[in-house]
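# Remarks on the overall topology
Single-letter residue listing:
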Amino acid sequence: MQDISFEKIVEDYSPLVKSQIYKLNLTMNNPIYEQAAMIALWECVQNYQDSKGSFSAYAYLKVRGKLLDERRKELRASKEASHADWNDYEETFFTPQNSVTLNIDLSSLTTKQRKWVEQVIIEGKSLKSVATAEGVTVEAVKSWRKSAITKLRKQFNT
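My aim in this report is to walk through the structure given alongside it, one point at a time. (Residues numbered from 1 in each chain as written. Predicted model: local features only at pLDDT ≥ 70, side-chain atom pairs only at ≥ 80, totals over all residues. Heavy atoms only, no water.)

## Here we look at the packing of aromatic side chains
Applicable threshold: Working definition: a ring pair exists when centres of Phe, Tyr or Trp rings (six-membered ring for Trp) sit within 6.5 Å. Plane angles under 30 degrees give stacked, over 60 give edge-to-face, the rest tilted. For every residue, the accessible area obtained with a 1.4 Å probe (protein chains only) is divided by the maximum for its type, and the residue is called buried under 20%, exposed over 50%, and partly exposed between those limits. Helix and strand assignments follow DSSP, with helices taken as H or I runs no shorter than four residues and strands as E runs no shorter than two, numbered in order from the N terminus.
Applying the stated criterion across every chain, the model contains four aromatic pairs. Relative to Phe-55, the ring of Tyr-48 lies with its centre 5.3 Å away and its plane at 90 degrees, an arrangement referred to as edge-to-face. Each member of the pair, Tyr-48 together with Phe-55, is buried. Between Tyr-48 and Tyr-58, the aromatic rings sit 6.1 Å apart at their centres with planes inclined by 40 degrees, giving tilted as the arrangement. One end of the pair, Tyr-48, is in the loop between helix 2 (30-47) and helix 3 (55-81); the other, Tyr-58, is in helix 3, with ten residues separating them in the sequence. Here Tyr-48 falls in the buried class, since its relative accessible area comes to 16%. With a relative accessible area of 25%, Tyr-58 lands in the partly exposed category. In this structure an aromatic cluster arises from ring pairing among Tyr-13, Tyr-48, Phe-55 and Tyr-58.

Keep in mind these values describe shape, not function.
And the structure:
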């Protein structure tokens, strides 16, 4: 395999690379995956041993494996980048505002919605701590928040 130029191998195995990119639905960052596949082909040329089987089968497995590895790496990076959750920033946005006096009429809110306003907005508690104290799920407290915000917006807009 060493006597064939790498350019010839790239030319011969370009359809394999493109078909694997297409089959694995990796068309978004196509140049990145093409580069990874070319690196895999280069590694195939460097590490191929005639006694272990055909080059085309070896190239197929290496290219496909490299593309899958690249996709996993990309998914891991995007997951870490988007790992930020609303609850992580909740304390930043809902810190107690002792210096500001709010003149809000809470009579239009239900008891649960008032609990959300008092505990999260005024006292600065997290959604999780409110849910634990009230014996409900965090999603329930989020529901209180959503409906309270809707009612308060109506109140401020009129």
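Let's pick the thread back up.
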